[in-house]
Amino acid sequence: MREQIPNIITMIRIVSIAPICWLLWRGEYPLALMLLVLAGLSDALDGFLARRYGWFTRLGAFLDPVADKLFVMAVFIVFGLQGNLPWWLVSLVIGRDVVIVLGAMACRWLRGKLEIRPLMISKLNTGLQIFLLATTLLHIALYPLPSWLTIGLQWGVAATTLLSGIAYMILWGRYAFAKG
């Protein structure tokens with residue numbers, strides 16, 4: 001039962017997405033920021049518990065990245081709807097994730113199994129996406145940031161999103177059509 005503790009924490013993080021998005025939508029930024037920080041801490045905690053005590057489960061290996069992606073995509077959509085992030089960037093981020101999921105499903109269908117390991121460019125992309133979301137929240141809620149910074153971050157996210165998506169398409173293509 002103890003090995004399920006990280007999974008329970010992850011499920012709570014997934015459930016917290018809706019209230020956080022609602023708070024962001026309503027402009028209640030201090031409370032939204034507090035819940036986002038708690039969600040980030042819970043992500044660190046479930047990872048720590050899994051590594052420290054060996055509480056790894058197949059469910060956890062699936063749920064943790066899903067929770068992270070749902071969070072990022074949901075906040076991108078809210079910020080896009082509010083006009084705080086450009087729609088071309090929101091579409092690019094969501095489109096990349098759709099392509100990755102569809103590619104993984106196709107590989108699984110063609111090969112019967114699939115080992116998923118995040119690529120370094122994907123980790124960089126996720127880090128930049130989260131940093132962009134945090135600075136966007138800071139910009140709209142607390143302290144206006146210079147446009148060169150926000151626009152630069154948006155283009156950095158766009159570049160790593162494209163590179164990551166292309167890298168996964170190449171990886172899935174090689175994996176799907178490899179012999180053996």
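Remember, it's a predicted structure, so these values are computed and weren't measured experimentally. Per chain, residue numbering runs from 1 following the sequence as it is written. Only residues with pLDDT of at least 70 are given local features in this predicted model, and only at 80 or more are side-chain atom pairs given and counted; all residues enter the totals for whole chains, interfaces and linings. No hydrogens and no water enter the side-chain calculation; it runs on all heavy atoms of the structure.

**Concerning the environment of I14**
1) Next: Mapping I14 onto the fold places it in helix α1 (residues 5–15).
2) Next: Through-space distance from the C-alpha of I14 to that of L38 is 12 Å; in sequence the pair is 24 residues apart.
3) Next: Those residues in contact with I14 that sit more than four places away from it in its chain are L63, A67 and L70. Strands here are runs of E lasting at least two residues and helices are runs of H or I lasting at least four, both read from the DSSP assignment and numbered beginning at the N terminus. Whether two residues are in contact is decided by their heavy atoms, any of which lying within 4.5 Å being enough.

**Some words on the nonpolar core**
1) Next: Grouping buried Ala, Val, Leu, Ile, Met, Phe, Trp, Tyr and Cys residues that are joined through side-chain atoms within 4.5 Å yields what is termed a nonpolar core. Partly exposed residues are those whose accessible area sits between 20% and 50% of the maximum for their type, while under 20% is buried and over 50% is exposed, using a 1.4 Å probe and protein chains only. Membership of the largest hydrophobic core comes to 25 residues, with the highest contact counts inside it found for L24, F76, F79, L85, L89, L132 and L133.
2) Next: Counting residues per element, the ones that place at least two in this core are α2 (17–26), α3 (29–53), α4 (58–82), α5 (87–111), α6 (120–141) and α7 (147–176).
3) Next: Take this core: its biggest share by element is seven residues, from α4.
4) Next: In contact with F79, not counting residues within four places along its chain, are L24, N84, L85, L133, T136, L137 and I140.
5) Next: Listed in part, the six residues of the second largest apolar core include A104, C107, W172 and A176.

**A few points about the packing of aromatic side chains**
1) Next: Between 30 and 60 degrees the pair is tilted, below 30 it is stacked and above 60 it is edge-to-face, where a pair is any two Phe, Tyr or Trp rings, Trp via its six-membered ring, whose centres lie within 6.5 Å. In the structure shown here, the tally under the stated rule is two aromatic pairs.
2) Next: Residues W88 and W155 carry aromatic rings whose centres are separated by 4.8 Å and whose planes lie at 35° to one another, so their mutual orientation is tilted. Here the residue W88 occupies a position in helix α5, and W155 occupies one in helix α7, the gap between them amounting to 67 residues.
3) Next: When its relative accessible area of 53% is taken as the criterion, W155 is described as exposed.
4) Next: We count a charge as sitting over a ring when the NZ of a lysine or the CZ of an arginine lies within 6 Å of the ring centre and within 35 degrees of the ring normal. Positioned over the ring face of Y53 is R52, at 5.1 Å from the centre of the ring.

**Section: the pattern of salt bridges**
1) Next: Only one rule defines a salt bridge in this text: a Lys or Arg side-chain nitrogen within 4 Å of an Asp or Glu carboxyl oxygen. The final tally for this structure, using the stated rule, is seven salt bridges.
2) Next: The closest approach of N and O atoms between R13 and D43, which form a salt bridge, is 3.2 Å. Here D43 lies in helix α3 and R13 lies in helix α1, a separation of 30 residues in the sequence.
3) Next: Note on R13: relative accessible area 2%, which makes it buried.
4) Next: Ionic pairing is found between E28 and R26, a salt bridge with its closest N-O pair at 3.1 Å.
5) Next: A cluster of three or more residues bridged by salt bridges with shared partners is formed by R13, D43, D46, D64 and D68.

**Brief notes about the side chain of T161**
1) Next: For T161, the location among the structural elements is in helix α7.
2) Next: Contacts described as polar in this section are N or O atom pairs within 3.5 Å, which, within protein, must combine one atom able to donate a hydrogen with one able to accept it, while residues neighboring in sequence count only if both atoms come from side chains. Within the local environment of T161, its side chain forms a polar contact with the side chain of N125, the two groups lying 2.8 Å apart.
3) Next: In this structure T161 touches L92, V93, R96, N125 and Q129, once residues within four positions along its chain are discounted.

**Comments concerning the packing of α4 against α6**
How two helices sit against one another is set out by the angle between their axes and by the gap between those axes.
1) Next: α6 packs onto α4 with a crossing angle of 40° between their chain directions and a minimal axis gap of 11 Å. As the angle between them shows, α4 and α6 are arranged oblique. In this structure, the crossing between α4 and α6 has a hand that is left-handed. Contact with α4, carried on its side by K69, V72, V75, F76, F79 and Q82, involves T126, Q129, I130, L132, L133, T136, L137 and I140 of α6 and no other residues of that element.
2) Next: The classification used treats Ala, Val, Leu, Ile, Met, Phe, Trp, Tyr, Cys and Pro as nonpolar, Asp, Glu, Lys and Arg as charged, and all other residues, Gly among them, as polar. Of the residues in the contact of α4 with α6, the class split is nine nonpolar, four polar and one charged. An axis is simply a line fitted to the C-alpha atoms; with a helix, the fit covers only the stretch in contact. Between two such axes, the angle follows the N-to-C directions and lies from 0 to 180 degrees. Note that the term roughly parallel is reserved for angles under 35 degrees, roughly antiparallel for angles over 145, roughly perpendicular for angles of 65 to 115, and oblique for everything else. Handedness of a crossing is defined here by the sense of rotation of the near helix relative to the far one, left-handed for an anticlockwise turn of less than a right angle and right-handed for a clockwise turn.

Functional significance is not addressed by these values, which are geometric in nature.
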